[in-house]
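# Remarks on the overall topology
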Amino acid sequence: RGGFVVKTGASEASKPELLIIRAAYQVRRGDAFRKYKPADFVIGKEPITIEPRGAEIIEEKDNLIRVRILEEDFHIEVTGFDENRDLRVSVNVREIENGAENT
C-alpha cells in the first residue's frame, strides 16, 4: 500500500549492476512518465521514503532513483505515495563498464 518493492528476480538471472527506477501516477491519456510533475511527489522528499537492502542509492531526483546493486539478494522498498492513485513503475537495468554507465 502506498508504494512498491524492487527485489531480486529469478535465481537464474545475473545480478544487475545498476537500476534506474522511475515512478509516476497513472494518467487517463498519454504517457504517465512524461506527464509527471514535481507537484505529484518528489523522491527523496517527505513523505516518500526509500529503504534499500543490498543496494546503494546513488541518485534521487524528481521521480527517478538510480541504484547500485551490491548484493545478489537485494530489496528496495519505496513508500509514501498517495494510496488513492494508481502508480506506474519502470525499472531499467544498466551495466557499468570502465566506470561508465551502459544501456
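Residues numbered from 1 in each chain as written. Predicted model: local features only at pLDDT ≥ 70, side-chain atom pairs only at ≥ 80, totals over all residues. Heavy atoms only, no water.

## Some remarks on the overall build of the protein chain
- Helix and strand counts for the protein chain come out as 0 helices and 8 strands.
- Ordered by position in the sequence, the α and β elements of the protein chain form the string β-β-β-β-β-β-β-β.
- Out of the 103 residues in the protein chain, the part that is buried amounts to 32%.
- Taking contacts inside the protein chain between residues at least 6 apart in sequence as the whole, the part at least 24 apart equals 64%. (Helix = DSSP H or I, 4+ residues; strand = E, 2+ residues; numbered from the N terminus. Buried < 20%, exposed > 50% of the residue type's maximum accessible area, 1.4 Å probe, protein only. Contact = heavy atoms within 4.5 Å.)

## Here we look at the packing of aromatic side chains
- Taken as a whole and assessed by the stated rule, the structure comprises 5 aromatic pairs.
- A centroid spacing of 4.9 Å and a plane angle of 90° characterise the contact between Phe41 and Phe81, whose relative ring orientation is edge-to-face. Of the two residues, Phe41 is situated in the loop between β2 (18–25) and β3 (49–53) and Phe81 in the loop between β6 (75–79) and β7 (87–97); the sequence distance between them amounts to 40 residues. We note that Phe41, like Phe81, is buried.
- Aromatic ring contacts, followed pair by pair, group Phe4, Tyr25, Tyr36, Phe41 and Phe81 into a single cluster. (Phe/Tyr/Trp six-rings, centres within 6.5 Å; stacked < 30°, edge-to-face > 60°.)

## A few points about the nonpolar core
- One finds Leu19, Ile21, Phe41, Val67, Ile76, Val78 and Phe81 to be the most contacted residues of the largest nonpolar core, which totals 23 residues.
- Considering every element that reaches this core, the biggest residue donor is β2, with 5 residues.
- In contact with Ile21, not counting residues within four places along its chain, are Phe4, Val6, Asn63, Leu64, Ile65, Val67, Ile76, Val89, Ser90 and Val91. (Core = buried A, V, L, I, M, F, W, Y, C linked by side-chain atoms within 4.5 Å.)

## With respect to the sheet that holds β3
- Spatially, β1-β6-β3 is the arrangement adopted by the 3 strands of the open sheet, whose pairing is antiparallel. Pairing within the sheet leaves two strands with one partner each, and these edge strands are β1 (3–7) and β3. Averaged over all neighbouring strand pairs, the angle between strand axes comes to 10°, with direction disregarded. (Pairing = 2+ DSSP bridges. Axes fitted to C-alpha atoms, helices over the stretch in contact; angles between N-to-C directions.)

## A word on the pattern of salt bridges
- With the rule as written, the count across this model stands at 4 salt bridges.
- Note that Arg1 is salt-bridged to Glu83, the shortest N-O span being 3.2 Å. Taken together, the positions of Arg1 in the segment before β1 and Glu83 in the loop between β6 and β7 put the pair 82 residues apart, joining distant regions of the chain.
- By relative accessible area, Arg1 is classed as exposed at 84%.
- Of the charged contacts in the structure, one is a salt bridge between Arg85 and Asp40, with a shortest N-O distance of 3.7 Å. (Salt bridge = Lys/Arg side-chain N within 4 Å of Asp/Glu carboxyl O.)

## Observations regarding the pairing of β2
- Among the 8 residues of β2, 7 are classified as buried, and the element is accordingly described as predominantly covered.
- In the sheet, β2 pairs with strand β5 (residues 64–69) via 5 bridges, with the strands oriented antiparallel. By the bridge assignment, Arg22 is partnered in β5 with Leu64.

## Regarding the environment of Glu51
- By the element assignment, Glu51 lies in strand β3.
- Placed 26 residues apart in sequence, Glu51 and Glu77 show a C-alpha to C-alpha distance of 5.1 Å.
- Beyond its immediate sequence surroundings of up to four residues, Glu51 is in contact with His75, Ile76 and Glu77.

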